[in-house]
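The lines below spell out each chain.
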Amino acid sequence: MSYVDEVMQRIVEKNPGEAEFHQAAKEVLESIRPVIEAKEDFYRKEALLERITEPERQLKFRVPWVDDKGQVQVNTGYRVQFNSAIGPYKGGLRLHPSVNTSIIKFLGFEQIFKNSLTGLPIGGGKGGSDFDPKGKSDREVMAFCQSFMTELHKYIGANTDVPAGDIGTGAREIGYMYGQYKRLTGLYEGVLTGKGLTYGGSLVRTEATGYGLLYLTDEMLKMNGQDIAGKTISVSGSGNVAIYAMEKAYQLGAKPVTCSDSTGWVYDPEGIDLAAVKEIKEVKRARLTEYKNYRPNAEYHEGKGVWTVKVDIALPCATQNELDLEDAKTLVANGVMAVAEGANMPSTLEATEYFQKHGVLFAPAKAANAGGVATSALEMSQNSERLSWTFEEVDAKLKDIMVNICHNMADAAKRYGFEGDYVKGANIAGFEKVAEAMIAQGVC
Ligand code: NDP
Ligand code: 2IT
């Protein structure tokens, strides 16, 4: 059996029931197969694939807190420190009831290659909890965050592991966690990113993932002789990534016509009213059902459905496996020309293959959404030098990074004879740097 197949089989056996982790590992291992097979004996002897798919450390801990009724609640906290070959562990904290070991491991594994693609010195990690911030009071969220950090602070630091936001973790949660870290350690350091601007945050970090997604999409279209201006876009989600993806889409002359949350979705043929979505989601923390109050002529539907709308470009920005084979078939039948993933692993493997077989330009998550973590790394740089850069400076760096990622993924695919296969290209380019660093550092 080939080394890649052998390791894939071992991953499934050693990590039973971890479907999301298997899926993420399979995509990466299949993509880098040509790199491994070119030097199979060498990689096998180094056990490089066994090492890179085994987290350096996995933490799982109890998070007790008291709700507004005086009832004690218990959640599970996670931090997977996956790979530190090229820098301190870096990656977000997801707060969502679905969080489990498999989800945190898939996210941490993806983060290794994404962070490598940014060209910045950051390793891969991820964490979170099955705590659901939805419907909780600010005091309850603070109680949870303080308890979560009371355990987590022992394992993180500005030079060891730097968490950030993800689903359910925004500026409010990062603030509460930062305060608790500072209180417990006495350190005022860049241990978290996505901080508020008054205490070490970076301009553009809030917008970075969505803006970066559009910078990369724009460049991918240009590389293929197309222009983003005038295109219609379907977006899923209405959180941090979705909102700033829509904002940059408008700035580039495109028109987003859909967005969604876990209860329903909106189709607004005139273009999504971004100010309304910001108010509903960022200020009121409410449901998209309210969108009708702002735009009576827009359609609101319960459940799932953004991928049924005819558009030129689809940007999944909600969660993993939200776009399956049936959705891909509908999008292709409706003439979609490009898909770029704002969320992590939003397309199933079958959907991804279908897009690629049907000539759709497809930018995988680890390239397309790397702008968030890249700007987090820029926040770390500013914290280290105790200076803050202007909006224009950070935005220009972000754009540069996304354009570079776009060309690197295209070039790596071409080098191995898979021109236009950006999934292979992104995985290969991300892998090469980490593998070289791991080998140079010996058996560790
Ligand atoms: P937010 O919590 O701000 O928003 C998430 C959005 O997705 C909400 O609209 C939410 O709806 C929806 N959503 C989440 N889970 C589900 C689900 N199971 N089913 C349906 N809808 C769901 O998170 P972000 O915008 O930060 O993250 C979105 C995606 O982008 C995630 O995959 C994340 O890992 C990825 N990402 C985020 C980065 C960042 O910097 N924030 C960087 C790179 C990637 P509802 O509110 O109803 O739950
Ligand atoms: O998935 C991701 O890249 C993030 N949630 C952002 C991580 C970070 O450290 O900014």
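Residues numbered from 1 in each chain as written. Chains lettered and ligands numbered in written order. Predicted model: local features only at pLDDT ≥ 70, side-chain atom pairs only at ≥ 80, totals over all residues. Heavy atoms only, no water.

Quick look at the UniProt feature "active site" (unreviewed entry) in the protein
Line of reasoning, step 1. The positions UniProt marks with the feature "active site" (unreviewed entry) are Lys126.
Line of reasoning, step 2. Relative to the assigned elements, Lys126 resides in strand β4 (residues 123-129).
Line of reasoning, step 3. Among all residues touching Lys126, those that are not within four sequence positions of it are Arg79, Val80, Gly91, Gly92, Ile104, Leu107, Gly108, Gln111, Asp166 and Asn344.
Line of reasoning, step 4. At a separation of 3.4 Å, a polar atom in the side chain of Lys126 contacts the side chain of Gln111. (UniProt positions renumbered as here; feature names shortened; annotations may be inferred. Helix = DSSP H or I, 4+ residues; strand = E, 2+ residues; numbered from the N terminus. Contact = heavy atoms within 4.5 Å. Polar contact = N/O pair within 3.5 Å; in protein donor to acceptor, adjacent residues only side chain to side chain.)

Observations concerning helix α13 (residues 349-357)
Line of reasoning, step 1. For α13, the complete set of buried residues consists of Ala351, Thr352 and Phe355. Buried residues of α13, viewed axially, fall in a sector of 100°; they line one side.
Line of reasoning, step 2. Gly359 sits one or two residues past α13 and shows a positive phi near 75°. (Buried < 20%, exposed > 50% of the residue type's maximum accessible area, 1.4 Å probe, protein only. Arc of directions from axis to C-beta.)

Overview of the packing of helix α16 (residues 391-415) against helix α17 (residues 422-440)
Line of reasoning, step 1. As a packed pair, α16 and α17 sit with axes 7 Å apart at the nearest point and diverge in direction by 95°. As the angle between them shows, α16 and α17 are arranged roughly perpendicular. Judged by residue contacts, Asn408, Met409, Ala410, Ala412, Ala413 and Arg415 of α16 engage Tyr422, Gly425, Ala426, Ile428, Ala429 and Glu432 from α17.
Line of reasoning, step 2. Class assignment for the residues of the contact of α16 with α17 results in 8 nonpolar, 2 polar and 2 charged. (Axes fitted to C-alpha atoms, helices over the stretch in contact; angles between N-to-C directions. Parallel < 35°, antiparallel > 145°, perpendicular 65-115°, else oblique. Nonpolar A, V, L, I, M, F, W, Y, C, P; charged D, E, K, R; others polar.)

A look at the site of ligand 2
Line of reasoning, step 1. With respect to spatial proximity, 14 residues lie near ligand 2, and among them Lys90, Gln111, Lys114, Asp166 and Ser376 are the closest.
Line of reasoning, step 2. The contact in question runs from an oxygen atom of ligand 2 to an N or O atom on the side chain of Arg205, over 3.0 Å.
Line of reasoning, step 3. The fraction of the free accessible surface of ligand 2 (290 Å²) that becomes covered by protein chains is 94%.
Line of reasoning, step 4. For the shell around ligand 2, the secondary structure elements donating two or more residues are β3 (89-95), α5 (101-117) and α15 (370-385).
Line of reasoning, step 5. When grouped by side-chain class, the residues that make up the shell around ligand 2 number 2 nonpolar, 7 polar and 5 charged. (Near = heavy atom within 4 Å. Areas by Shrake-Rupley, 256 points an atom, 1.4 Å probe, with all protein chains shown as cover.)

Brief notes about the site of ligand 1
Line of reasoning, step 1. Every one of the 25 residues lining ligand 1 counts as a neighbour, but Lys134, Asp166, Thr209, Ser262 and Asn344 are closest to it.
Line of reasoning, step 2. Within the contact set of ligand 1, an oxygen atom lies 2.9 Å away from a backbone nitrogen or oxygen of Gly168.
Line of reasoning, step 3. If ligand 1 stood free it would expose 890 Å²; the protein chains cover 83% of that surface.
Line of reasoning, step 4. Among the elements of the structure, α8 (205-223) and α9 (240-251) are those that each provide at least two residues to the shell around ligand 1.
Line of reasoning, step 5. Broken down by class, the residue content of the shell around ligand 1 amounts to 5 nonpolar, 13 polar and 7 charged.

Side note on the UniProt feature "site: Important for catalysis" (unreviewed entry) in the protein
Line of reasoning, step 1. Under the present numbering, the feature "site: Important for catalysis" (unreviewed entry) in UniProt falls on Asp166.
Line of reasoning, step 2. On the secondary structure map, Asp166 appears in the loop between β5 (161-164) and α7 (171-185).
Line of reasoning, step 3. Every residue in contact with Asp166, bar those within four places of it in the chain, is listed here: Gly92, Leu93, Arg94, Lys126 and Asn344.
Line of reasoning, step 4. Here the side chain of Asp166 touches Arg94 through a polar contact of 2.7 Å, side chain to side chain.

Observations regarding the packing of aromatic side chains
Remark: the centre distance and the inter-plane angle together describe each pair of aromatic rings, the angle taken between the planes.
Line of reasoning, step 1. The tally for this structure, following the rule as stated, stands at 15 aromatic pairs.
Line of reasoning, step 2. When the centroid spacing of 6.2 Å and the interplanar angle of 55° are considered together, the rings of Tyr43 and Phe431 count as tilted. Of the two residues, Tyr43 is situated in helix α3 (residues 40-46) and Phe431 in helix α17; the sequence distance between them amounts to 388 residues.
Line of reasoning, step 3. For Phe431, a relative accessible area of 1% puts it in the buried group. (Phe/Tyr/Trp six-rings, centres within 6.5 Å; stacked < 30°, edge-to-face > 60°.)

Brief notes about the side chain of Glu219
Line of reasoning, step 1. Within the fold, Glu219 resides in helix α8.
Line of reasoning, step 2. Nearest to the buried, unbridged Glu219 among oppositely charged side chains is Lys222, at 4.4 Å.
Line of reasoning, step 3. Reaching out from Glu219, the side chain makes a polar contact with the side chain of His407 at a distance of 2.7 Å.
Line of reasoning, step 4. Once you skip the residues sitting within four places of it in the chain, Glu219 turns out to touch Val403, Cys406 and His407. (Lys, Arg positive; Asp, Glu negative; His and termini not counted. Salt bridge = Lys/Arg side-chain N within 4 Å of Asp/Glu carboxyl O.)

A look at a nonpolar patch on the surface
Line of reasoning, step 1. Taken together, Val66, Val72 and Val74 make up a surface patch of nonpolar side chains, about 250 Å² in accessible area.
Line of reasoning, step 2. Along the chain, Val72 turns up in strand β2 (residues 72-83). (Patch = residues over 30% accessible without salt bridge, like charges linked within 9 Å, V, L, I, M, F, W, Y side chains within 5 Å.)

Overview of helix α6 (residues 138-152)
Line of reasoning, step 1. For α6, which comprises 15 residues, the first-to-last C-alpha distance of 21 Å matches the rise-based estimate of 21 Å (1.5 Å per residue) to within 8%.
Line of reasoning, step 2. Taken as a whole, α6 has its buried residues at Glu140, Val141, Ala143, Phe144, Cys145, Ser147, Phe148, Met149, Glu151 and Leu152.
Line of reasoning, step 3. Elements that come into contact with the buried residues of α6 comprise β1 (57-66), β2, β3, β4, β5 and α7. (Expected span 1.5 Å × (residues − 1).)

Details of the side chain of Ser236
Line of reasoning, step 1. Take Ser236: it is sitting in the loop between β6 (232-235) and α9.
Line of reasoning, step 2. Looking at Ser236, its side chain comes within polar contact range of the side chain of Glu322, at 2.6 Å.
Line of reasoning, step 3. Not counting residues within four places of it along the chain, the set of residues in contact with Ser236 comprises Ala242, Ser260, Val306, Trp307, Leu315, Pro316, Cys317, Ala318 and Glu322.

So, the layout of surface pockets
Line of reasoning, step 1. By volume, the second largest pocket amounts to about 520 Å³.
Line of reasoning, step 2. The wall of the second largest pocket is formed by 26 residues, among which Gly190, Met380, Gln382, Asn383 and Ser384 lie closest to the centre.
Line of reasoning, step 3. Across the lining of the second largest pocket, the residue classes tally to 13 nonpolar, 10 polar and 3 charged. (1 Å grid on protein atoms, 1.4 Å probe; cavity = no way out; pocket = protein on both sides within 12 Å on 5 of 7 lines; lining within 4 Å. Points joined across faces, edges and corners; volume = space filled by probe spheres on them.)

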